[in-house]
Amino acid sequence: MSLPLSLRLVSLGLFLCLGTGLAHAAGSADAGAQVFKKCGACHTATEPMNRVGPSLMGIIGRPVATFAGYNYSSAMTAFGEDGKIWDEERLSEYLMAPKAMVPGTKMSFPGLKKPQEIEDIVAYLKTAVGQ
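Residues numbered from 1 in each chain as written. Predicted model: local features only at pLDDT ≥ 70, side-chain atom pairs only at ≥ 80, totals over all residues. Heavy atoms only, no water.

Engineer: Any chance you could explain the overall build of the protein here in plain terms?
Structural biologist: Each helix and strand in the protein was counted, giving six helices and zero strands. A buried classification covers 34% of the 131 residues belonging to the protein. For the protein, restricting intrachain contacts to residue pairs at least 6 apart in sequence, the fraction spanning at least 24 positions comes to 46%. Roughly 8,000 Å² of accessible area belongs to the protein as shown, and the carbon and sulfur atoms make up 64% of that amount. (Helix = DSSP H or I, 4+ residues; strand = E, 2+ residues; numbered from the N terminus. Buried < 20%, exposed > 50% of the residue type's maximum accessible area, 1.4 Å probe, protein only. Contact = heavy atoms within 4.5 Å. Areas by Shrake-Rupley, 256 points an atom, 1.4 Å probe, with all protein chains shown as cover.)

Engineer: Looking at this structure, I do not really get the packing of aromatic side chains. What am I missing?
Structural biologist: Each aromatic ring pair is summarised here by two numbers: the centre-to-centre distance and the angle between the ring planes. Taken as a whole and assessed by the stated rule, the structure comprises four aromatic pairs. Arranged with centres 5.4 Å apart and planes meeting at 45°, the rings of Phe 36 and Tyr 124 form a pair that is tilted. With Phe 36 in the loop between α2 (29–35) and α3 (74–80) and Tyr 124 in helix α6 (residues 115–127), this residue pair connects regions lying 88 residues apart in the sequence. Both residues of the pair, Phe 36 and Tyr 124, belong to the buried class. Ring geometry for Phe 79 and Trp 86: centres 6.3 Å apart, planes at 40°, overall tilted. Under the relative-accessibility criterion, Trp 86 is labelled buried at 5%. A network of ring pairs unites the aromatic residues Phe 79, Trp 86 and Tyr 94 as a single cluster. Lying over the aromatic face of Phe 79, Lys 84 brings its terminal NZ or CZ to 4.4 Å of the ring centre. (Phe/Tyr/Trp six-rings, centres within 6.5 Å; stacked < 30°, edge-to-face > 60°. Lys NZ or Arg CZ within 6 Å of the ring centre and 35° of its normal.)

Engineer: Would you take a moment to explain the side chain of His 43 for this structure?
Structural biologist: For His 43, the position within the fold is in the loop between α2 and α3. For His 43, a relative accessible area of 11% corresponds to the buried category. Beyond its immediate stretch of four places on either side in the chain, His 43 contacts Phe 36, Arg 51, Gly 53, Pro 54, Leu 56 and Met 107.

Engineer: Explain the confidence of the model for the protein to me, please; I cannot follow it from the model alone.
Structural biologist: Low pLDDT means the predicted atomic positions in that stretch should not be read closely. Predicted confidence across the protein gives a mean pLDDT of 86, with 79% of residues reaching 70 or more. Predicted confidence is poor over residues 5–24, with pLDDT under 50, and the contacts of this stretch with residues over four places away or in other chains come to four contacts. (pLDDT = per-residue confidence, 0-100.)

Engineer: Would you explain the environment of Cys 39 in this entry?
Structural biologist: The residue Cys 39 is located in the loop between α2 and α3 in this model. Along the chain, Cys 39 and Leu 56 lie 17 residues apart, while their C-alpha atoms are 10.0 Å from each other.

Engineer: Mind showing me how you'd approach the side chain of Ser 73 here?
Structural biologist: Mapped onto the elements, Ser 73 comes out in the loop between α2 and α3. Classification of Ser 73 as buried rests on a relative accessible area of 9%. Only 3.0 Å separates the side chain of Ser 73 from the backbone nitrogen of Met 76, close enough to count as a polar contact. Leave out the neighbours within four places in its chain, and Ser 73 touches Gly 104, Thr 105 and Lys 106. (Polar contact = N/O pair within 3.5 Å; in protein donor to acceptor, adjacent residues only side chain to side chain.)

Engineer: Is there a simple way to explain the nonpolar core in this structure?
Structural biologist: The nonpolar side chains of a soluble globular protein tend to be buried with one another. Among the nonpolar cores identified, the biggest contains 27 residues, and Phe 36, Met 76, Trp 86, Ile 121 and Leu 125 are the most heavily contacted of them. Taken together, the elements giving at least two residues each to this core come down to α3, α4 (88–96) and α6. The element best represented in this core is α6, accounting for five residues. Dropping the residues within four chain positions of it, Met 76 is found in contact with Val 64, Ala 65, Trp 86, Tyr 94, Val 102 and Thr 105. (Core = buried A, V, L, I, M, F, W, Y, C linked by side-chain atoms within 4.5 Å.)

The structure is reproduced here in C-alpha cells:
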C-alpha cells in the first residue's frame with residue numbers, strides 16, 4: 001500500500017527539518033570559547049576556582065548547586081534540592097534566561113539570546129574539564 005503524495009511530502013519535510021536540527025545542534029567548542037568571554041568576568045571553565053560565580057569546569061553532568069566552596073543563592077540551592085543535573089538541555093534553557101528558570105538566582109547575566117551561541121557555549125563547556 002502506497003502513501004498519498006501529500007503524506008509522503010509532509011514526511012520528507014519533517015525528516016529534512018529534524019535532520020537539519022540535529023546537525024545544527026552540535027555547536028562549536030571553538031566558537032563557544034569566544035562566547036564564554038561574556039561569562040569570564042564571573043566564571044572560569046578551566047580551573048576549579050570560584051570567582052563571583054562558581055567554576056563551570058565539568059558542569060555538564062554535575063548536580064545543580066554543588067561546586068565545592070561556592071556560596072549559592074537560596075534560590076539555586078532550592079532549585080537543585082531534588083537532584084537536578086546540569087545536562088545539555090537544562091543548561092541551554094538556563095543560559096537563555098537564568099532568572100526565568102531560577103527566580104532569585106544571584107546570576108545577574110540576562111542570558112544568551114542567540115540559539116547558536118548557546119549551542120556553542122554548551123559545546124565548549126563539554127570540553128572544559130580542567131587540567
